[in-house]
Amino acid sequence: MAERFVNLLKQRHGFDEWRGRNTLDENLFIWKFFLMGRELPGWRPERVERFDAPQTYAPRVADTADDRPATHTPPLVIRTSRHPLTRPEDTVHRVRRIDPHRPATSQPPASAEDVSQERPSLIQSFWSDPRSRTGALLDVSIHECSSREAAHELLLRLLAQFQSPLITRRDDAGIGDVTFADPYGTTVLFARANLVQVVRNAGRSVAPVHEPAGYFDAGLTSKPAPTPQAESGAAPRLARVRFEETHVRVGVPVPFDVEATDMLGADIATPFAARTTAALREDQAPPARPLMFKIFSKPTGQVLAARGNLLFRADEAGSQEVTVYAIDANAAAASKRVRLVAE
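Residues numbered from 1 in each chain as written. Predicted model: local features only at pLDDT ≥ 70, side-chain atom pairs only at ≥ 80, totals over all residues. Heavy atoms only, no water.

## Description of the nonpolar core
The tendency in soluble globular proteins is for nonpolar side chains to be buried as a group. Counting 32 residues, the largest nonpolar core has F33, L35, I142 and F216 as the members making the most contacts within it. Where this core is concerned, the elements lending two or more residues are β1 (27-31), β5 (121-128), β6 (137-144), β9 (187-192), β10 (195-201), α5 (210-221), β14 (291-298) and β17 (318-328). Ranked by size, the runner-up nonpolar core spans 25 residues in total, among them F29, A305, A314 and V338. (Core = buried A, V, L, I, M, F, W, Y, C linked by side-chain atoms within 4.5 Å. Buried < 20%, exposed > 50% of the residue type's maximum accessible area, 1.4 Å probe, protein only. Helix = DSSP H or I, 4+ residues; strand = E, 2+ residues; numbered from the N terminus.)

## Notes on α5
With twelve residues, α5 extends 17 Å from end C-alpha to end C-alpha; this agrees with the ideal 16 Å at 1.5 Å per step. Listed as buried for α5 are P212, A213, F216, D217 and L220. Projected onto a plane normal to the axis of α5, the buried residues spread over an arc of 135° and lie on a single side. (Expected span 1.5 Å × (residues − 1). Arc of directions from axis to C-beta.)

## Some remarks on the pairing of strand β18 (residues 333-342)
Both strand β12 (residues 247-248) and β18 contribute to a ladder of two bridges, which runs parallel. Counted as the bridge partner of H247 is V341 from β18. Where β17 meets β18, ten bridges bridge the pair, whose relative direction is antiparallel. Looking across to β18, one finds that Y325 is bridged to S335. (Pairing = 2+ DSSP bridges.)

## Some thoughts on the packing of aromatic side chains
One pass over the full model with this rule turns up seven aromatic pairs. Ring plane angle 20° and centroid distance 4.8 Å describe the contact between F243 and F256, whose orientation is recorded as stacked. In this pair, F243 is assigned in strand β11 (residues 237-243) and F256 in strand β13 (residues 254-261), connecting sequence segments 13 residues apart. Since its relative accessible area comes to 0%, F256 is described here as buried. (Phe/Tyr/Trp six-rings, centres within 6.5 Å; stacked < 30°, edge-to-face > 60°.)

## Section: unusual backbone geometry
The amide bond that connects K298 to the next residue, P299, takes the cis arrangement and shows omega of 5°. By the secondary structure assignment, P299 is in the loop between β14 and β15 (302-306). If you check the backbone angles, K32 has positive phi at about 60° while not being a glycine. Relative to the assigned elements, K32 resides in the loop between β1 and β2 (44-52).

## Section: the confidence of the model for the chain
Of all residues in the chain, 73% have pLDDT values of 70 or greater, and the mean over the chain is 79. Highest mean pLDDT in the chain belongs to β9 (98); lowest belongs to helix α7 (residues 271-278) (30). Contacts of residues 55-106 to residues separated by more than four positions or lying in other chains number 110 contacts, the stretch itself having pLDDT below 50. Here residues 266-283 scores under 50 on pLDDT; set against residues more than four positions off or in separate chains, the count is 16 contacts. (pLDDT = per-residue confidence, 0-100. Contact = heavy atoms within 4.5 Å.)

## What about the pattern of salt bridges?
This model, assessed by the stated rule, comprises 20 salt bridges. Of the charged contacts, one joins E46 and R44 as a salt bridge, the two residues approaching to 2.9 Å between their closest N and O atoms. Residue R240 is joined to E259 by a salt bridge in which the shortest nitrogen-to-oxygen separation is 3.9 Å. With R240 in strand β11 and E259 in strand β13, this residue pair connects regions lying 19 residues apart in the sequence. Comparing R240 with E259, the two get one shared label, buried. (Salt bridge = Lys/Arg side-chain N within 4 Å of Asp/Glu carboxyl O.)

## Notes on the sheet that holds β17
Pairing is mixed in the open sheet, where five strands are placed in the order β1-β14-β17-β18-β12. The strands lining the two open edges of the sheet, one partner per strand, are β1 and β12. α5 contacts β1 and β14 of the sheet and is inclined by roughly 70° relative to β14. (Axes fitted to C-alpha atoms, helices over the stretch in contact; angles between N-to-C directions.)

## Considering the packing of helix α1 (residues 3-12) against helix α4 (residues 148-159)
α4 packs onto α1 with a crossing angle of 95° between their chain directions and a minimal axis gap of 10 Å. Considering their axes alone, α1 and α4 lie roughly perpendicular with respect to each other. Taken together, the residues of α4 that come into contact with α1 (itself represented by V6, L9 and K10) are E153, L156 and R157. Classifying every residue of the contact of α1 with α4 gives three nonpolar, no polar and three charged. (Parallel < 35°, antiparallel > 145°, perpendicular 65-115°, else oblique. Nonpolar A, V, L, I, M, F, W, Y, C, P; charged D, E, K, R; others polar.)

Take a look at the structure:
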C-alpha cells in the first residue's frame, strides 16, 4: 500500500491516538488461535476456513503506488469443515527447544525485524442463527498477527477496504482495545491483543452484530481455570515454559521455550485415546486436535511471534511476570507462571 495513502488513512482514522492501545490491566498475546464453535451463543458455525501464511517469504523491497502484492507463497487452506472446528497439527506443540549441550544452528534467532515482517494467519467463518426465519448469517474473520502493533497496522489497512465514511471509531463500544463500527450495528471491526476481528452480515436479512462481537471479545480476554486431570480425564499437559535467562534487557526481545501436549492425542496411551484409536479403521489416522495458547504478561512485558518462535520484550525495568495457558478443543486448560527481572 502506497505510503502516501497509508498516511492519509492514519490521519483520517486518528491512528496515533489508538496505536498500541491496551484496555486490559495486563498484556495479552494469543497464539495458534482456533474456533471451538461455542464462541457465539445462539449462533451455529456453518463453514470455517483457515489460511496459514508461510513463515518464510521474500518481503517487498518498497511500497509502490499500485500496491502490487509481496512475492510470497499464497496462503494455504488448511481445512474446510462444518464440525469440529480444528486444524490438523502435531499433538505435541513445541517452540524453540533449548538444549545447552546441542551445538547452535546456523539460523539466527528471531528478531524485532522478523516480528514486523511476519504475515498474519486468517480464519474465516460463517455463522447462522437457527432462530431466524429470514436467513441471518454472520461473516466472522479473525486475523492472528505477530504483535499488538502489527494488529493495529492491519486494522488500519482493513479499514481501507470499507469505502463508507460511516465506519468510525467507537470508544464507547466496550469491545476490544480499539473498535470501529457503522451507526446501524451491522459491521464491527476491532483489535484485541494481537488479533483483529471483522464481524459483519452476510445473509439475506440484517442482524445486529454488536452483541456477537462482545461475546467473542469476552472469550478472548477470559482466563481459563486450570482443569484438574481427575475432572477432565485428559487436561492438556503444559510441560515447560522456560527462558534462557531469568534476567533480560529492557527493549530486547528474547526467545522462550514452550512445550505442551494434548493428552487426547493419538500418541498418548490414555484409556480414552485407546478407545478412540480402536474405533478407527486400520488405515485411518486418528484426528489431530489443536492447542491454543493465551499468554498474559505484566506489568509492561509483551509477547511477540516470529518465524514460529515466541519472544518476550520487557518495556520497563523491574520484575516481570508471564503466565501461559494451554487450551484444548474441549476448553480444558493448564497453566504455568514464570517471573523475570528486566534491567
